[in-house]
Amino acid sequence: MKAMTSFTLKSLRSSTARTVVTIAGVALAAALLVAVLSSYVSATDYMLRNEIAANGTWMARSIVPDDAQSNDEIIAAEHAGDVKALATLQDVGFVALPDEQAVRLGTYLPVLTGAGSLENVCGVRVGEGRLPQSPDEIVLPYSWQRFSAASIGDVITLDLGERRAVQVPGTSGGMSGGTIEAGTYDPELGPNGIMYDIEDGSPLNSTMGYLDPANDNGIFSEELVNASPHSYTVVGFTAMDNWSLMTGIGPAALTVDEAATGDIQVYVDLTGISTAGQLKERMNGLFPDGDTMMHTNLLRYSGISDHGSIWQTLFYLVAILAVIIMAACISLIYNAFAISVNERMRQFGLLASIGASKRQLRRSVLLEGSIIAAIGIPLGVLIGLGACAGIFVWLGGVIADMLGGMHSDFFLVVSWQVVLFAVALTALTVLVSVWIPALRAARVSPIDALRQSSTVRIAPRALRSSGQHMRPASLWKHRGIAGRVFGIGGSLASLNHKRNASKGRAASLSLALAIVLLMTAGSLSTQLGTFTKVVGHVSEADISMAISLSPTSDETVTPAALEGTCADAYEHASAVQGVTPLGWSLTSYQPGLVPADVAGSALKGSVTDDSLVDGAVPTMLSVLYMPDDEFAAYAADNGITLPAGTDTPIAIGVREGYGNTGTMYTYDELFARNGKLDIVTGAKNASDAKLSLVTKDTTEDGREQLSFVMLEGDRVTDRTVPADELERTSIDVIGLADQRPASSTGTNGTAIVMPMSTAASVLPPTTATRSLLFSAAFDSPEPAEAIEPLKEIAPVMEKAGYDIYYNQVTDNGAAEESMRMAVTVVNVFCFLFSFILTLIALANVFNTVTNGLILRKREFAVMESIGMDARQFRSMIGCECIGYGMRGLIPGIIVSIIVSYLLYLALSISMTGLPFTLPWVYLALACAVVIVIMALSVAYGLRRCRKGDIVEALRME
Amino acid sequence: MDILKVSHLTKVYGKGEQATRALDDVSFTIPEGQFVAIIGASGSGKSTLLHLIGGVDRPTSGTVELNGEDIYRRSDEQLAVFRRREVGLVYQFYNLVPILTVAENITLPVALDGRNVNAERLTSLLSTLGLAGYGNRLPNQLSGGQQQRVAIGRALMNNPAIVLADEPTGNLDTQNSREIMALLETANRETGQTLVVITHDEDIALSADRIIAIEDGRIVSDERIR
Ligand SMILES: Nc1ncnc2c1ncn2[C@@H]1O[C@H](COP(=O)(O)OP(=O)(O)O)[C@@H](O)[C@H]1O
Ligand SMILES: [Mg+2]
């Protein structure tokens, strides 16, 4: 045994270069694995810290009524062994704010009273001042600091009342209301949230949004009753974004320990919870009658619940990358070992002949692997962690921005489990890489090894046929296409493929792998590129302005009046110091019918086939009207030629839409091609209504009909209109644009762009109920300073006779900058990853191809010494290369397409409508690079073969 | 008539300090049909000489003339043609192409020459070599003696003017050695092929027509014994 060990060590030392390369390969594997896994862990840990900093450590919240039983339950929970911490919030009452404050601060101000460790459990923080310590102290929402006269130390009196549901006159029945956390549906647990049954006079707590019949076609509105004055000293203002203080009707004010009678929200942090189901069960145990809601983000980041699309995407990405890293490193290490074992076959034969057992031989190779792993793995782990730490110090801020956090620093989190896992994966990589060569070393027959100076193993099939009778006449005939085209060189190549056991498999495999690795890198950047385009969609303009317009009279509803008002407002805005106007548009939402062949996949996919109306998809359209000259410029930008004059109004369709549903990003193809579509401008007998399309069904007599929600006068009704009674205007979509015009603030939903001059034919003359959106874009060197003056544009429009419900001016600059950095991070990541993968892939091809040739040096020399000339030799090598190439490239291309599809699937989890695009360019590039590298390797290998010329090769043993 | 004329043949391997003068101004002639044994200590330059005669290597200076033509005036391409038509080479380590069958190995020079295989010639050669029925075997299915016979078959297949063998029996037992030498000698006697054999075996050397002894790259004795 000792002899074998020293033999192994000697052989490691004797081929220093290869030993170093192999150790480097192992270190690379360990470094990449530990880096990828640690990045993932660091990201989740960052999110968890960020979530705790923002919203506290609570795992679940239960809402219970304020009664004796609930109070007993709360006390019992406080003392329960597995309850780490607990805090409560209770509604004290609601203040109706005067109109001028309501615009900015909300209709009601909810006042909550807290108890328990609010700071830890709910993450309640003040931005300024301190938290309240007694019932007569209050902390006001952060927005008050800006928009009200209140300041710390003031004593304010608030008229606190209770919210009650009020049935809309003329309607009857109850309804369900409440809050559901978007995107948190769990097949096992159902939606995460609470539902209430509402009747006339039901008390409403702060978790419920405003009841507004106009907004949610509800049958209830609400009122404030029993208001009575309370006095408080203002001791602080809350910091932004706290979940528990962001109620259903807006940010709340907070006091402590005040007597109150509203529903109690109990926030609980528990120990010993490992699944969401367990948590739900435990909460039901603690509060049998309570409505439980879970802190989904916290559960997700602490690994308790696993749904949550972007994290799933990240997880699968990490998994795919880890598998690819392992595959790449296995091939790298395997090749190094296989070559080393091959070269030492004679030594192994010698050892076997002097009595080394199979086990000893195998162990010798495995020992070699272990020594290499023992050096390479720790080295790799250190390098991987070091590199991560460095990159995170450098780019941590941007990564934090990208992950959407702001409460915590991003740094490397080293978890021993992860390091251990990475080490185990690398060890597995090494083991797999070493095992096959080890088996081969053990199988060596001493006589063979000593006698056969050649390392070629013959394919079993070739041996089997060797007993057959030899027919001299057919010798050297029919040697495949290669033989026919390339003569003797081709024949030899095809015989080599037929009879050589390895068939250059190592070379083919490394070529295939190279294609896969290069393509993975390519797909990664292509797919992530689209992903960042959608996720990071920011308007190109520095400032976006969006103002809702509701005409208040028949005069102001006409297109001419609208255009005049918009142009006027735009002119006013353009006069603001330092801004450069980029254009404006007016958006109306109108029901439309888009023929199925014109509609893009996402639009078509939004309805089933039997919901089509006359073969068209019923949908709400955003119709963007632009001033005619801007429209012409927009068309020109998108390479669309406007027809000279047409009867039908023309429009440009917007091909793609991006959106974000809260947990999913959407990427929708909305238009597939040009064509005519219809805008529904009204229905017979109902043209005087604001139409909003709902669904389509069929009447009893078989006619197709469409349901509209209509606001007729003050009343909301569901109205169904047979399709043939619709009033439609045909619109000719003459071209498709990739993006909406710069002035548009929206990104999702089906949109068409039309010149303002055609608005008259499409915008039905209706009464005051129509709501439109004026949007404009501006550039400015100092966007922040232009915001306030631009907000003063809305009042100008108001004076012109429009109601304004919404006036928003956004500074895109900051968002854009951070988004650009995020894209940079993604690109840097892709580049580094691709770079490493490419190196591995190319090193592999080079290794296998050159070694394949060098090992056959003697064979080549023999052929030359018996008269093979250079041309014959070239055609033989050329044919062999084409063979390896084909056998490598084709499977490589297939596998790489599969891998890029898997990557696409991983991204699809968090983004719908993402088209699967095969990165053809990368595929072609990958093939080209691989072919070039193969050619270089062959050239190098042959040069090595020739270096000592034939004589030397023949001399060598 | 002299088939081979070697004049002032010198071969230096390497440069400067490390230069080895493997052959140093060697001159001799061999008449057609002669069987020459070359003897000498290991490293004395025997193989170098054989390779130079066989057109496998190029000399540092001096000429090798076969049938009056200086072979090293040929281009590389022409030299390759020369090797496959005019010379038959046999090595100590058989040096067969492992992926080719016995028949294919033997006929490789013909195939390289782009000619059709003469089936009769192949069949008679195989039976002469005692390899009848082994035509479809691969080299690794043969014994050492058999492999060396294949190598001889390959050397003889094209009826070369001169057969060069570098320690052809060095790896074989006595029985096999005798058979191999018998094959080479038969070819020499019956077809009048000139035969040059490097050997350490005294018996073999003594069965030759002439013995050339080499030491440090120089001919130290050249004796006709028959
Ligand atoms: N390709 C080569 N490169 C360097 N030295 C060589 C080469 N071939 C032979 N030699 C040297 O030339 C000398 C003669 O070698 P060789 O002809 O093989 O001798 P022999 O066959 O008599 O044993 C030796 O010293 C050997 O080391
Ligand atoms: Mg020698």
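Caption draft 1: Structural context of the overall build of chain B. The number of helices and strands found in chain B is 7 helices and 10 strands. Across the 226 residues of chain B, 59% fall into the buried class. Summing over all exposed atoms, chain B offers an accessible surface of approximately 9,100 Å²; the carbon and sulfur share of this is 44%.

Caption draft 2: The sheet that holds strand E4 (residues 61-66) of chain B, seen in detail. Residue and element names in this part refer to chain B. What the 4 strands build is an open sheet, ordered E2-E1-E4-E5; its pairing is antiparallel. With one partner strand each, in any of the chains shown, strand E2 (20-31) and strand E5 (69-70) form the two edges of the open sheet. Bridging between strand E1 (residues 2-13) and E4 involves 5 bridges; their strand directions are antiparallel. Looking at E4, one finds that Leu4 is bridged to Leu66.

Caption draft 3: Expanded view of the packing of aromatic side chains. Residues and elements named next belong to chain A. According to the stated counting rule, one finds 8 aromatic pairs over all chains in the structure shown. When the ring of Trp584 is compared with that of Phe774, the centres are 6.0 Å apart and the planes differ by 40 degrees; the resulting orientation is tilted. Linking Trp584 in strand E17 (residues 580-595) with Phe774 in strand E28 (residues 772-779), this pair joins segments that are 190 residues apart in sequence. Each member of the pair, Trp584 together with Phe774, is buried. Between Phe860 and Phe873, the ring centres sit 5.0 Å apart and the planes meet at 80 degrees, which makes this aromatic pair edge-to-face. Of this pair, Phe860 sits in helix H24 (residues 857-865) while Phe873 sits in helix H25 (residues 870-908), placing them 13 residues apart in sequence. Each member of the pair Phe860 and Phe873 is classed as buried. Linked through ring pairs, Tyr46, Phe392 and Phe410 together constitute an aromatic cluster. Its end group placed over the ring of Phe411, Arg49 keeps NZ or CZ at 3.8 Å from the ring centre. Here the basic side chain of Arg163 rests over the ring of Phe94, its NZ or CZ set 5.5 Å away from the ring centre.

Caption draft 4: Structural context of the site of ligand 1. Contacts to ligand 1 come from 12 residues, most closely from Gly43, Gly45, Lys46, Ser47 and Thr48 of chain B. Chains contributing residues to the immediate surroundings of ligand 1 are chains A and B. A distance of 3.1 Å separates an oxygen atom of ligand 1 from a polar backbone atom of Gly45 of chain B. At 2.5 Å from an oxygen atom of ligand 1 is found a side-chain nitrogen or oxygen belonging to Thr48 of chain B. With the chains in place, 76% of the 560 Å² that ligand 1 exposes on its own is no longer accessible. Taken together, the elements giving at least two residues each to the shell around ligand 1 come down to E2 and helix H1 (46-53) of chain B.

Caption draft 5: Expanded view of the nonpolar core. Core analysis: the biggest nonpolar cluster contains 176 residues, and Trp476 of chain A together with Leu108 of chain B have the highest contact counts within it. In terms of residues, this core owes the most to one element, helix H2 (residues 16-55) of chain A, which gives 15 residues. Setting aside residues up to four positions removed in sequence, Trp476 of chain A forms contacts with Ile488, Ser491, Leu492 and Leu495 of chain A together with Leu100, Glu104, Thr107, Leu108, Ala111 and Val117 of chain B. In this structure, Ile543, Leu736, Ile752 and Val762 of chain A belong to the second largest nonpolar core, which totals 50 residues.

Caption draft 6: Geometry of the environment of Met620 of chain A. Tracing the backbone shows Met620 of chain A in strand E18 (residues 616-626). On a C-alpha basis, the gap between Met620 of chain A and Leu593 of chain A in space is 8.5 Å, while along the polypeptide they are 27 residues apart.

Caption draft 7: Local environment of the packing of helix H3 (residues 102-112) of chain B against helix H5 (residues 144-156) of chain B. All names here are of chain B. Between H3 and H5, the shortest axis-to-axis distance is 7 Å and the interhelical angle comes to 30 degrees. In terms of orientation, H3 lies roughly parallel with respect to H5. The handedness of the crossing between H3 and H5 comes out as right-handed. Across the interface between the two elements, Val102, Asn105, Ile106 and Pro109 from H3 touch Val150, Gly153 and Arg154 from H5. When grouped by side-chain class, the residues that make up the contact of H3 with H5 number 4 nonpolar, 2 polar and 1 charged.

Caption draft 8: A look at the sheet that holds strand E8 (residues 194-198) of chain B. All names here are of chain B. With respect to topology, 6 strands assemble into an open sheet ordered E6-E7-E8-E3-E9-E10, the strand pairing being mixed. Since the sheet does not close on itself, it has two edges, and those belong to strand E6 (87-90) and strand E10 (218-224), each with one partner. Pairwise comparison of adjacent strand axes, ignoring direction, gives a mean angle of 15 degrees for this sheet. Pairing between strand E9 (residues 210-215) and E10: 6 bridges, direction antiparallel. Pairing of Ile214 across the sheet is with Ile219, part of E10. In the packing of helix H6 (residues 174-191) onto the sheet, contacts are made with strand E3 (35-40), strand E7 (162-166) and E8, and the angle to E8 comes to roughly 155 degrees.

Caption draft 9: View of a negative patch on the surface. A cluster of acidic residues, Asp197, Glu199, Asp200 and Glu223 of chain A, forms a negative patch on the protein surface. Tracing the chain through its elements places Glu199 of chain A in the loop between strand E8 (193-198) and strand E9 (203-204).

Caption draft 10: Quick peek at the pairing of E7 of chain B. Residues and elements named next belong to chain B. Of all 5 residues in E7, 5 are buried; the element is thus mostly enclosed. Neither face of E7 is left uncovered, since the one carrying Ile162, Leu164 and Asp166 and the one carrying Val163 and Ala165 both have all their residues buried. The pairing of E6 with E7 spans 4 bridges and is classified as parallel. Residue pairing in the sheet places Leu89 in a bridge with Leu164 of E7. With 5 bridges joining them, E7 and E8 adopt parallel strand pairing. Bridge pairing in E8 places Ile162 opposite Thr194.

Caption draft 11: Examining the confidence of the model for chain B more closely. All names here are of chain B. Scored by pLDDT, chain B comes out at a mean of 84, with 100% of its residues at no less than 70. When the elements of chain B are averaged for pLDDT, H6 gives the smallest value, 82, and E9 the largest, 90. The ipTM assigned to the predicted complex is 0.85, against a pTM of 0.64.

Caption draft 12: Highlighting the pattern of salt bridges. All names here are of chain B. This model, assessed by the stated rule, comprises 18 salt bridges over all chains. Ionic pairing is found between Glu69 and Arg74, a salt bridge with its closest N-O pair at 3.1 Å. Accessibility expressed as a relative area gives 35% for Glu69, which makes it partly exposed. Here Glu179 ties to Arg149 by a salt bridge, and the two come within 4.0 Å at their closest N and O atoms.

Caption draft 13: Representation of unusual backbone geometry within the structure. Residues and elements named next belong to chain B. Non-glycine residue Asn67 carries a positive phi angle of around 50 degrees. Structurally, Asn67 can be placed in the loop between E4 and E5. Residue classification places Asn67 among the partly exposed positions, given a relative accessible area of 45%. The phi dihedral of Asp216 falls on the positive side, at around 45 degrees, and the residue is not glycine. Among the structural elements, Asp216 can be located in the loop between E9 and E10.

Caption draft 14: Here's a closer look at the confidence of the model for chain A. Residues at a pLDDT of 70 or more form 78% of chain A, whose mean pLDDT is 78. Of all the helices and strands in chain A, helix H13 (residues 446-451) of chain A carries the lowest mean pLDDT, 56, while strand E5 (residues 137-140) of chain A carries the highest, 92.

Thresholds, definitions, all that
Residues numbered from 1 in each chain as written. Chains lettered and ligands numbered in written order. Predicted model: local features only at pLDDT ≥ 70, side-chain atom pairs only at ≥ 80, totals over all residues. Heavy atoms only, no water. Helix = DSSP H or I, 4+ residues; strand = E, 2+ residues; numbered from the N terminus. Buried < 20%, exposed > 50% of the residue type's maximum accessible area, 1.4 Å probe, protein only. Areas by Shrake-Rupley, 256 points an atom, 1.4 Å probe, with all protein chains shown as cover. Pairing = 2+ DSSP bridges. Phe/Tyr/Trp six-rings, centres within 6.5 Å; stacked < 30°, edge-to-face > 60°. Lys NZ or Arg CZ within 6 Å of the ring centre and 35° of its normal. Near = heavy atom within 4 Å. Polar contact = N/O pair within 3.5 Å; in protein donor to acceptor, adjacent residues only side chain to side chain. Core = buried A, V, L, I, M, F, W, Y, C linked by side-chain atoms within 4.5 Å. Contact = heavy atoms within 4.5 Å. Axes fitted to C-alpha atoms, helices over the stretch in contact; angles between N-to-C directions. Parallel < 35°, antiparallel > 145°, perpendicular 65-115°, else oblique. Left-handed = near helix turned anticlockwise from the far one by under 90°. Nonpolar A, V, L, I, M, F, W, Y, C, P; charged D, E, K, R; others polar. Patch = residues over 30% accessible without salt bridge, like charges linked within 9 Å, V, L, I, M, F, W, Y side chains within 5 Å. Salt bridge = Lys/Arg side-chain N within 4 Å of Asp/Glu carboxyl O. Lys, Arg positive; Asp, Glu negative; His and termini not counted. Charge placed at Lys NZ, Arg CZ, Asp CG, Glu CD. pLDDT = per-residue confidence, 0-100.

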